Amino acid sequence: MTDNAKLIVDGKERSFGIVQGTKGERAIDLAGLREGGGLLTLDEGLGNTASCLSRITYINGEKGVLLYRGYPIEELAGKSSFVETAYLLIHGELPTRSELSVFSNRLNDSSLIHEDMRHFFVAFPKYAHPMGILATMVASLSTFYPVPDHLDPEAEEQFMANLISQVRTIAAFSYKKSIGEPTVYPSIKLRYVENFLNMMFSSPVKDYRQDPDIVRAVELFLILHADHEQNCSTSTVRLVGSSMANIYSVISAGISALWGPRHGGANQEVIQMLEHILATGTDPKTFIDRAKSRNARERLMGFGHRVYKSFDPRARILKQAYHQLLKKLKTADPLFEIAMQIEELALKDAYFIERNLYPNVDFYSGLILKAVGIPADMFTVLFAIGRVPGWLAHWREMVHAKEFRIARPRQIYIGPSERHYEPINSRGLKKCP
Ligand SMILES: CC(C)(COP(=O)(O)OP(=O)(O)OC[C@H]1O[C@@H](n2cnc3c(N)ncnc32)[C@H](O)[C@@H]1OP(=O)(O)O)[C@@H](O)C(=O)NCCC(=O)NCCS
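Along each chain, the written sequence defines residue order, and numbers are assigned to residues from 1. Residues qualify for local features only when their pLDDT is at least 70, as the model is predicted, and side-chain atom pairs are given and counted only at 80 or more; totals for whole chains, interfaces and linings, by contrast, use all residues. Based on all heavy atoms of the structure, the side-chain values leave hydrogens and waters out of the count.

Caption draft 1: Quick look at the nonpolar core. Core analysis: the biggest nonpolar cluster contains 107 residues, and L300 and I342 have the highest contact counts within it. Residue ranges for the domains originate in an automatic or database domain assignment. When residues of this core are assigned to domains, at least three fall in each of domain 2 (77–212 + 228–256 + 375–399) and domain 3 (266–371). Those residues in contact with I342, other than ones at most four positions away along the chain, are M273, L274, I277, P284, I288, L300, F303 and F363. In these notes, a set of buried Ala, Val, Leu, Ile, Met, Phe, Trp, Tyr and Cys residues joined through side-chain atoms within 4.5 Å is what counts as a nonpolar core. Relative accessibility under 20% of the residue-type maximum defines a buried residue, over 50% an exposed one, and the middle range a partly exposed one, all with a 1.4 Å probe and only protein chains included. We call two residues in contact whenever any of their non-hydrogen atoms come within 4.5 Å of each other.

Caption draft 2: Spatial organisation of the site of the ligand. In the neighbourhood of the ligand, 17 residues make up the surrounding shell, with R294, R299, L300, G302 and Y351 lying closest. As used in this structure description, the phrase polar contact means that two N or O atoms lie within 3.5 Å; if the pair is within protein, one of them must be able to donate a hydrogen and the other to accept it, and residues adjacent in sequence are counted only when both atoms belong to side chains. L300 has a polar backbone atom sitting 2.7 Å from a nitrogen atom of the ligand. Note that accessible areas follow from Shrake-Rupley with a 1.4 Å probe, and for residues the cover is restricted to the protein chains shown. Here the ligand has 860 Å² of accessible area as a free molecule, and 71% of this is covered by the chains. Residues are grouped as follows: Ala, Val, Leu, Ile, Met, Phe, Trp, Tyr, Cys and Pro are nonpolar; Asp, Glu, Lys and Arg are charged; all remaining types, including Gly, are polar. Looking at side-chain class alone, the shell around the ligand contains seven nonpolar, four polar and six charged residues. For this description, a residue counts as near a given molecule or strand if any of its non-hydrogen atoms is within 4 Å of it.

Caption draft 3: View of the pattern of salt bridges. By definition, a salt bridge exists where a carboxyl oxygen of Asp or Glu is found within 4 Å of a side-chain nitrogen of Lys or Arg. A full pass over the atoms with the stated rule returns 15 salt bridges. Note that D333 and K370 form a salt bridge whose closest N and O atoms lie 3.3 Å from each other. With D333 in the loop between α14 (313–328) and α15 (334–348) and K370 in helix α17 (residues 361–371), this residue pair connects regions lying 37 residues apart in the sequence. Residue class for D333 comes out buried when judged on its relative accessible area of 9%. K348 is paired through a salt bridge with E344; the nearest N and O atoms lie 3.4 Å apart. With a gap of four residues between them, K348 and E344 both fall in helix α15, about one helical turn apart. Judged by relative accessible area, K348 falls into the exposed class, the value being 63%. Under the scheme used here, helices are H or I runs from DSSP no shorter than 4 residues and strands are E runs no shorter than 2 residues, and both carry numbers assigned from the N terminus.

What follows is the structure in C-alpha cells.
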C-alpha cells in the first residue's frame, strides 16, 4: 500500500488503502468495506474489479502492451518456444539449458494417457465436439491419476506436466475419433508441437512430413495464447481452484469456460464470417455497414476487445506470421484478401475509430490454423492447449499465496421479500379488494 483513498460511506469518512502495481495500475482495497459500513461493492461483469494480485501477466489495453513475467510478447514470439514459455509462466523465470531439458523430458515422459481411457473415445458420439471431449477427458484423468490432498513440489511438477502433455494427446485423439481414424500415439522422439501434429495428421498407412514453417506457425499460436491474465477461463480456474478441487477438475472447468463463443470460440466465428462473405459475394464495405447497425446480428467478428483499446499486439504478430506462412507455402487464401480489405476499411471508418475497435487476436488466428490444416472445430481446442500453462501458473500462484481464501463473491438480492407458503388450491386465486 502506498497511499490512501478517503470515501464518504453513509455520511462517514472512511479511509481505504490504495494498492499500486509494478506498472502504476492503482486499485482501492475495499476488502474491509463491509465490516465497518455494511456495504458491498457491485460490479457486474467484474469490469472494474481486480480480483487478485498477480505476478504473471501484464496488459496495457490502451497502449497494446502484453508482457509474460515482464517479457514483451513480441520477444517471446520471435525467440522462445512454447515449452520454454510454459516454463516461464509457471516458474516465473526463463529456464537454464538444464532446467529446460528436465522440464521438456518430463513433458515427453508424461504424454501417454492411461490405455483404458481410449475406451472413452469409442463411447462418444461420432460428431461429439472436441471441446466437449477434452473437458470430459481432462476431468476423468483425476480418476486414473488420483491427486493427493497435499502435493509436494515434485508431485506438483508431475501433475502440471501431465496436464500440459496429456491435453495435447487427448486433443489429437478426439480429432482422430471425429474422422474415424485410429489414434496415433505420442512419440518420445518428437518435440511438443511436432508430436501434436504427428498425432493429428499421420496414420498407420501414411507418415506425416513435418514442415518447419507449419511447426513454427503452430508454436507461435500456442505462445500467443499461453496467458492473458484474469479472463473468463482463468478466473474460472482461480475460482474453482480456491475450493481446493483437484487440479484436473480445475483445468477441466477452465476448458469449459473457454468453449463459450464470447471467449475462445471467436476465431472459428471469424472464419465463418469470411467464408460467408466469400460465398455470398457480399461487398466487404456493405458487410461493415451492416456490422455497424445496432440491430445487426453480424458484428464484425475479430474486432474489438474488453481490454485492448488499440491494436491487440497478438493480432499484429499473427498477421505478419500468416502473411509469411502463405508466401512460404506458396499458396494464396481468398479469405486473407477479404480479411485485409475489412481491416483496412474498418480502421478508416469513424464508427470503429470512435469506439476504439481494432483487430483482436482472433481476427488472424483462425486463418493461420486453417492454413496449417487444423479443422475449424479444433480451433478452440488449440487455444486450450496453449492456455493450459497460463491456467496452471495462476492456479499455482493462488494456492501458494500467503493469504489464500475460498472465492465467495456476494450478491445484492432483488427477489421477493419474505412471504408464506400457500396451499396449491388457493394459488392463483385473485384476492377480493
Ligand atoms: C470483444 C467484445 C465482446 C468486447 O465487448 P465490450 O468490451 O463489452 O464492448 P461493447 O460490446 O460494449 O462495445 C462497445 C461499442 O462498440 C460496438 N462494437 C464492439 N465490438 C464491435 C464489433 N466487433 N462490431 C461492431 N460493433 C462493435 C458495440 O456495439 C458498442 O457500440 P455502442 O457504444 O454504440 O453501443 C466485442 O468487441 C465483440 O463482440 N467483438 C466481436 C467478437 C470477437 O471478436 N470476440 C473476440 C474477443 S478476443
